[in-house]
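# Structural overview for review
Below are the chains, spelled out letter by letter.
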Amino acid sequence: MTTQTAPPEAPTKQERRKLDEGVLRNLGLVGVLVLLIVVGIITKPDLYSDPTWVKNNFLTILQQASAIGVVTVGMTFVIIGGGIDLSVGAIIALAGVWATTLATQSYGAGGMIFTALVVGIAVGLVNGVLISYGKLVPFIATLAMLVAARGLAAQISAKQTQVSANDTINSLASERLLGIPLLVWILGLVVAAGWVLLNRTTFGRRTVAVGGNPEAARLAGINVKRHTMLLYALSGLCCGIAAIMLTSQATSAQAAMANLYELDAIAAAIIGGTLLSGGRGTIVGALFGVLVFSTITNLFAINNLSTEVQNMVKGAIIVAAVLIQQFRYKSLTQLFKR
Amino acid sequence: MTIPAPRDGATADASTALKTDETVPAPPVDDNGEGPGDVVLRLTDVVKTFPGVRALDGVQLEVRAGEVHCLLGQNGAGKSTLIKTLAGVHHADGGEITWLGQPFAPATPQAAMRAGIATIYQELDLVDDLSVAENAFLGHEDTRFGFTRRRSTASRTREILTRLGHAEIPPRQTVRSLPAAGKQVVSMARALSHDARLIVMDEPSAVLAHDEVENLFRIIRELTAQGIAVIYISHRLEEIREIGDRVTVLKDGRTTAANLPARSTPTRDLVSRMTGRTIEYVFPPRRPAEQRDPLLVVDGLARTGEFADASLTVAPGEIVGIAGLVGSGRSELLETIFGARRADAGTVTLDGKRITSVGSAVRKGMGMAPEERKSQALLLDEPVYKNMTLASFSNFAKAGFTDVGGERKAAERTADALELRPRDVNRPIRTLSGGNQQKVVVGRWLLEDTKLLLLDEPTRGVDVGARAELYQVIHDLAERGVGVLLVSSEVPEVLGLADRVLVMREGRIIHESPAGEIDEGAVLDLIMAGSLTTESILEGEPA
C-alpha cells in the first residue's frame, strides 16, 4: 500500500478546455451565420438598408426555423441516445392530418392540439417499442414508420388538403407577442425545455449514458430499453407540436406535409455537434444548425436563386461541418493522450 | 537426442534464470527424442516493452520442423505478446529472432504470412459471409485481370482441405454455416494457402467440444508429418501431453524452462515453473475470519452452454474469490448473479430477496465492476464525477433535476477515499490511467448503499502500484461489511485477497476452500485439471 504510482501529470484547466470545445463549435456556427448575413448584405444592400425590412426578415428566418427547430430538439435527444428517427416528417404529416379531420376540428383548438400531441407520442412509442423490445435497428424501424405513417395520413385525408377552419390554430402563425411571432415563442420554449431536460435532469443524464455506452448504463442499473423507448416518444411529441405549428402556418394539413424534415433535422443536429454514434450533443448547437439552414434558404429567396443550388450548398455545409468536427475531436483526444 | 541445457548463450541464460528461482526444481536433463527436424525458429532474449510494462523480458524459444511445441504460462506471462510478435503485429524491442536461418522481423502480419508463419487466433478471424474458399484465400485471392477465379480457387481449396483430412467441407459453402471446428479447419486452410511452415495456434481447443479436439489433433499430426512446425498454446495439460513434443514455459515475460519433454515432465514441475510470479502483489494483512450469515446466496444457478449448477454464498464482510480461466464461465456466472444475464435455472438472493434483473440487483444493494472497463463500465468522454455517479445520480436528484454540485462533492469525497490521481473530478475519465479508471468504477458503488460488490478482473490493465491500492480499497470495503465476490485470472490475486476460494473449470465450480488451505500450485492444477488433488474436486458440488 506504500507503493506510489506516478500519475501522468494533469493537463491543467481540463474543464475550461472542455467548455471551450462546445463554445468553439457554437462560435463557429455563429460565424457561419454572420457570414451568411454579410453575404446577404453584400448581395442585397438596398434591402439591408431598410431597418424595418431587416427586423422583419430576421423574424421571418426565425419563424421559418420554428417547426423544424422543434423537431430537431427531439431528434437531438434521439441521436444522443444512440438512435435515429427517420419518421419525423411522416409523424408530422399523420399528426397534422389527424388533427385537422372534420371530426377533430369539431372539438376546437384544444381537441386539435391534444390530438396532434397524442398521435405524435403514440407513433413515437410504437417506434420505441419496436426498437427497444422488438430489437429492430432504429434505422429500419423508423424507415418503416416513415412509409407507413405517410400512408396512413394519405388514407385518413383521402389525399386531400384538409383546411383548418380553427381561428385559434391559424392565429398561432399570424399573431405576435411582444413583437415576436408566437411560433418563435414556441420554438424558444421547446429549446429552453430541451436544454433543461438534457443538462439538468436525470432524463438527460440517462440519455447521454444510454447513447454513450449502453452496456455501462445497463450495468449501472439504468433501464436502457425503457429509456430508449421514451426517447422516441419524446421525438414523437416534438413532431406533434411541429404538426400544429405547420398546420397553422399553412392553415391546412396534408399527407405530403413536412416532406424530408427528417433529413433537415438530422443534418441540423449533426452540424450542431451531435455525434451520430450517440453520447454527445447539444441543444444549442442543434438550434444554430437549424438557423444556419433557414438563413441559407432566406438568402437564396431574397436573391431569387433556385432551390437546386441551395440544396447543393446545404450539402456542402453538412460535409464541411462534420469534417471540422472530426478534425477538432481528433486533435483534442490526441492532446489528452499525452 | 538433445538436452535443454546450454546449447548456446541464450539457453544458458534461460537455465541460469531457472536456477535462481528457488521454487523450481532442477531442470530435467533428458529429452524425449522427438522434434525430428531442423531448428526453424529461434528466439534469443526477445524483449518487448509497452508503456509501463515489460511484456517480454528475455524469451528463449526454439522450434523444430515437424514438431508440436507447446507454450505454457499463466495469464499475463507473455504468450499473447510473443505470438503477436511472431505474427508481425508487435515488433520486438530487443533480442534476436531467426526464422529458417535468417534474422526475422516482420513489419506487418502480411509479411509474416508471406514468410511462412501463420497464426490462428482464439477468435477466429474469418469473414462469416464469405465462402470457405474465399476465406482461405482472403488477402491473396487468385485473380486474373482483377476478376476472381472462382473455379481454380475452389479446386485449390479442395486440395488443401483434403490435405487437412476434411475433403467433405464444400469450398463454396459460407463460413457462417460451419460449426466452430469447421471454422478452425478453414483457418488452417488459410494458413496452408500461404504455404505456412509454422502454424501458431492460440488455444485452439478452447472453442471445441471433446470429440472435435481429437479431430484437431489428427489434423495437427498430419501437418507435422508434412514437416510443418506447430506452436501450440493451451492451458489444458492433458492436451499438451497428448499432442505436444516439447514444452517451453513462460513466466513474467521470461522463459523459465525450455524444451521440456511434453509427455514425461511431471505436472508438478510444469506448474512450479509457472507459479511464484515475481510481480509484486502487495496484499493488505488478512483479517481473522468471522462467521456470519450469508448475504448472497446463489443456488443451483445455470445457463446452458456457459455454466451449470453453481451454488455459492458470500457473507457480509467476506471476500470470496473465483479462480478460473477465461471461458470457464466465471464472468458469465458473475453477470448472471447481477441479473445482467437471464438464468436458465437456479436462484440468486441478496438478504433473502430474489434478484432477477440488473435493476433489482442495484436497488437491493448489489454493484458490479465488469470485466471490460472501457466497453462495459465507462462513459469515456464524460467527466470523472459523472462516471462516479452513473449508478446513483437519481439519488442525488430532486424531482428529476440533477444535483450536479452534490454529485461533485460526493465524487470528491470518494476520490479522496480512493486516493484518486489526479483528484480533479471534472476531467474526462479517458485521461485517467487504467488503475484510476478502475477506482472510479469501484467508487461508483461506494456512493450507493452497496452491500455486495461483484468484481470481474478488477486489476486487468492496472499497473503494480495502483493494483496495491485497489487491493486496499477492496479490503477496506470488506472491513466496512461489504461482501465481495471477485473473479480473476491471476491466481495469486485470488489467493491473496479472498477469504474463501472457489475454482471454476468448464462451467462448474469444482473446488471450494478457505484461501489459507490451498496454494497457487494446487489451484493451477485444478484449473488445468492436472493429475493432483482429484479428491478435492469431489468435495465441490456433486451434480
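Rules used in this analysis
Residues numbered from 1 in each chain as written. Chains lettered and ligands numbered in written order. Predicted model: local features only at pLDDT ≥ 70, side-chain atom pairs only at ≥ 80, totals over all residues. Helix = DSSP H or I, 4+ residues; strand = E, 2+ residues; numbered from the N terminus. Buried ≥ 20, exposed ≤ 12 C-beta atoms within 10 Å, placed from the backbone. Contact = placed C-beta atoms within 7 Å. Core = buried A, V, L, I, M, F, W, Y, C linked by C-beta atoms within 7 Å. Pairing = 2+ DSSP bridges. Axes fitted to C-alpha atoms, helices over the stretch in contact; angles between N-to-C directions. pLDDT = per-residue confidence, 0-100. Domains from an automatic or database assignment.

Another point: the overall build of chain B. The secondary structure content of chain B amounts to 20 helices and 22 strands. Buried positions account for 53% of the 543 residues belonging to chain B.

A count of helices and strands for chain A gives 15 helices and four strands. Relative to its full complement of 338 residues, chain A shows a buried share of 48%. By sequence separation, contacts in chain A at least 24 residues apart represent 79% of the contacts at least 6 residues apart.

Here we take up the nonpolar core. Counting 256 residues, the largest nonpolar core has Ile92(A) and Ile199(B) as the members making the most contacts within it. Once residues lying within four places of it in the same chain are set aside, the contact partners of Ile199(B) are Ala118(B), Ile120(B), Met188(B), Ala191(B), Leu223(B), Ile228(B) and Val230(B).

Let us now look at the sheet that holds strand E14 (residues 307-314) of chain B. All names here are of chain B. Taken together, four strands build an open sheet; the order of strands is E14-E13-E16-E17 and the sheet is antiparallel. The open sheet has two edge strands, E14 and strand E17 (353-354), and neither has a second partner. Across five bridges, the pairing between strand E13 (residues 296-303) and E14 is antiparallel. Its bridge partner being in E14, Leu 301 is matched across the sheet by Ala 310. Where helix H10 (residues 330-337) meets the sheet, it contacts E13, E14 and strand E16 (345-350), and its direction lies at approximately 120° from that of E13.

A few words on helix H2 (residues 79-86) of chain B. Residue and element names in this part refer to chain B. Of all eight residues that make up H2, seven are buried, and the element is covered over most of its length. By the burial criterion, the buried members of H2 are Lys 79, Thr 81, Leu 82, Ile 83, Lys 84, Thr 85 and Leu 86. Positive phi appears at Gly 88, one or two residues downstream of H2, with a value of about 85°.

All names here are of chain B. When pLDDT is averaged along chain B, the result is 82; 87% of the residues meet or exceed 70. Across residues 530-543, where pLDDT falls below 50, the model places 25 contacts with residues more than four positions away in sequence or in other chains. At the level of chain-chain contacts, confidence expressed as ipTM amounts to 0.79, with global pTM at 0.76.

So, on to the pairing of strand E12 (residues 254-261) of chain B. Residues and elements named next belong to chain B. Burial runs high along E12: seven of the eight residues are buried. By the bridge criterion, five bridges tie strand E11 (residues 246-251) to E12 in an arrangement that is antiparallel. Along E12, the bridge assignment pairs Leu 250 with Thr 255. Hairpin connection between E11 and E12: a loop of two residues separates the two successive antiparallel strands, and Asp 252 in this loop has a positive phi of roughly 50°.

Let us look at the domain arrangement of chain B. For chain B, the assigned domains are domain 1 (1-116 + 197-279), domain 2 (124-195) and domain 3 (296-538). The C-alpha centroid of domain 3 of chain B is placed 42 Å from the C-alpha centroid of domain 2 of chain B.

What follows deals with the environment of Ala345(B). Residues and elements named next belong to chain B. The residue Ala 345 is located in strand E16 in this model. Separated by 240 residues in the primary sequence, Ala 345 and Ala 105 have C-alpha atoms spaced 52 Å apart. Once residues lying within four places of it in the same chain are set aside, the contact partners of Ala 345 are Gly 300 and Ala 302.

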